[in-house]
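Notes for the structure review
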Amino acid sequence: MKHNKETKIVVMGAYNSGKTTTLEQICHNRAKVEYNGTTTALDYGNTMISGEKVHFFGTPGQDRFRFMRRILSEGLDGAILVVDNSNGITPTDQEILGRLDEFQIPYVIFANKQDLNSSDLDIDSDAPVIGTIAQEGEGIMEGVEILLEIVKSHQ
Ligand SMILES: Nc1nc2c(ncn2[C@@H]2O[C@H](COP(=O)(O)OP(=O)(O)OP(=O)(O)O)[C@@H](O)[C@H]2O)c(=O)[nH]1
Ligand SMILES: [Mg+2]
């Protein structure tokens with residue numbers, strides 16, 4: 001019988017882009033550490049997808065917590081970069097993209113807040129870009145499924 005490894009996905013992105021909201025849509029049993037609505041340590045949740053357990057860790061977006069990105073990214077199988085589409089790609093996003101490409105981590109980009117701005121992201125990446133409205137759950141599970149396919153084909 002095939003051994004089903006549990007999968008670890010890390011949700012990354014700049015401050016206020018919608019990482020926590022995204023994770024809340026994916027997972028129903030969750031823990032979060034935040035202060036005044038901003039993530040200060042991490043978000044965590046897990047869910048079963050196609051009979052496999054998938055763990056999601058959300059990073060803090062504020063640059064003063066960037067060390068958490070490194071800690072939470074130990075042993076990750078894949079990543080979601082959540083971009084605020086009304087802001088475009090920020091320096092934080094650029095830094096994350098550079099690392100994901102450098103270490104050949106499978107990832108997808110969620111172009112979030114499509115309700116505020118639905119123009120195309122100007123981005124230098126070969127990863128799939130999925131338009132999302134995290135608050136309404138739009139695009140989220142479709143994007144997760146695309147990511148899990150890429151993670152599987154990468155293994
Ligand atoms: N209009 C709109 N607002 C959104 C969307 N997704 C999230 N938000 C709002 O954006 C704000 C930030 O969302 P969070 O999910 O806390 O963002 P975050 O990336 O976890 O923020 P940090 O942890 O502080 O980096 C909240 O007020 C959300 O309600 C969206 O698709 N559209
Ligand atoms: Mg957050």
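Please read these numbers as outputs of a predicted model, since none were measured by experiment.

Quick word on the pairing of strand 6 (residues 107-112)
Counting buried positions over the 6 residues of strand 6 gives 6, a clear majority of the element. Of the two faces of strand 6, the one carrying Tyr107, Ile109 and Ala111 and the one carrying Val108, Phe110 and Asn112 are both buried. Note that strand 5 (residues 78-84) and strand 6 share 6 bridges and pair parallel. Bridge pairing in strand 6 links Val82 to Phe110. Handedness of the crossover joining strand 5 and strand 6 through helix 3 (residues 91-102): right-handed. Alignment of strand 6 against strand 7 (residues 129-131), held across 3 bridges, turns out to be parallel. Bridged to Phe110 within strand 7 is Ile130.

Side note on the coordination of the magnesium ion (ligand 2)
Taken together, Thr20 (OG1) and Thr39 (OG1) make up the full set of protein donors to the magnesium ion (ligand 2), lying 2.0 to 2.1 Å away. Here the residue Thr20 occupies a position in helix 1 (residues 19-26), and Thr39 occupies one in strand 3 (residues 38-49), the gap between them amounting to 19 residues. A residue is classified by how much of its surface remains accessible, and Thr20, at 15% relative accessible area, is buried. A relative accessible area of 6% places Thr39 in the buried class.

Let's talk about the side chain of Thr132
Here Thr132 shows up in the loop between strand 7 and helix 4 (140-154). Beyond its immediate stretch of four places on either side in the chain, Thr132 contacts Phe110, Ala111, Asn112, Lys113, Gln114, Glu138, Gly139 and Ile140.

A few points about the pattern of salt bridges
Under the definition given, this model contains 5 salt bridges. Measuring nitrogen to oxygen at the nearest pair gives 3.8 Å for the salt bridge that ties Lys32 to Glu34. Arg66 is the salt-bridge partner of Glu95, the closest N and O atoms lying 2.9 Å from each other. Placement of Glu95 in helix 3 and of Arg66 in helix 2 (residues 66-72) is noted, with a sequence separation of 29 residues between them.

Some words on helix 3
Look at helix 3: 16 Å from first C-alpha to last across 12 residues, which is about the 16 Å you get at 1.5 Å a residue. Residues Thr92, Asp93, Ile96, Leu97 and Leu100 constitute the buried set of helix 3. The buried residues of helix 3 occupy an angular sector of 130 degrees when the element is viewed end-on, so they sit on one face. The exposed residues of helix 3 that point more than 90 degrees off its buried face are Pro91 and Glu102. In this structure, the buried side of helix 3 is in contact with strand 1 (7-12), helix 2, strand 5 and strand 6. Gln104 sits one or two residues past helix 3 and shows a positive phi near 50 degrees.

Section: a negative patch on the surface
A surface patch of like charges, here negative, comprises Asp115, Glu136, Glu138, Glu142, Glu145 and Glu149. One can find Glu142 in helix 4.

Quick word on the pairing of strand 3
Within a regular strand, side chains alternate between the sheet's two faces. Here 6 bridges tie strand 2 (residues 29-35) to strand 3, and the two strands are oriented antiparallel to one another. Bridged to Lys32 within strand 3 is Asp43. In textbook terms, the turn of a hairpin is the stretch between consecutive antiparallel strands, and for strand 2 and strand 3 this stretch comprises 2 residues, one of which, Asn36, has a positive phi near 50 degrees. Inspection of the sheet shows strand 3 paired to strand 4 (residues 52-58) by 7 bridges, in the antiparallel sense. When the bridges of strand 4 are listed, Asn46 appears paired with His55. The hairpin turn running from strand 3 into strand 4, its antiparallel successor, is 2 residues long, and Ser50 in that turn takes a positive phi close to 50 degrees.

Reading the values: the criteria
- Residues numbered from 1 in each chain as written.
- Chains lettered and ligands numbered in written order.
- Predicted model: local features only at pLDDT ≥ 70, side-chain atom pairs only at ≥ 80, totals over all residues.
- Heavy atoms only, no water.
- Buried < 20%, exposed > 50% of the residue type's maximum accessible area, 1.4 Å probe, protein only.
- Helix = DSSP H or I, 4+ residues; strand = E, 2+ residues; numbered from the N terminus.
- Pairing = 2+ DSSP bridges.
- Right-handed = clockwise from strand over helix to strand, strands pointing away.
- Donors = N, O, S within 2.8 Å, 3.2 Å for Na, K, Ca; no water.
- Contact = heavy atoms within 4.5 Å.
- Salt bridge = Lys/Arg side-chain N within 4 Å of Asp/Glu carboxyl O.
- Expected span 1.5 Å × (residues − 1).
- Arc of directions from axis to C-beta.
- Patch = residues over 30% accessible without salt bridge, like charges linked within 9 Å, V, L, I, M, F, W, Y side chains within 5 Å.
- Areas by Shrake-Rupley, 256 points an atom, 1.4 Å probe, with all protein chains shown as cover.
- Lys, Arg positive; Asp, Glu negative; His and termini not counted.
- Charge placed at Lys NZ, Arg CZ, Asp CG, Glu CD.

Interpretation note: all reported values are geometric properties and have no functional meaning in isolation.
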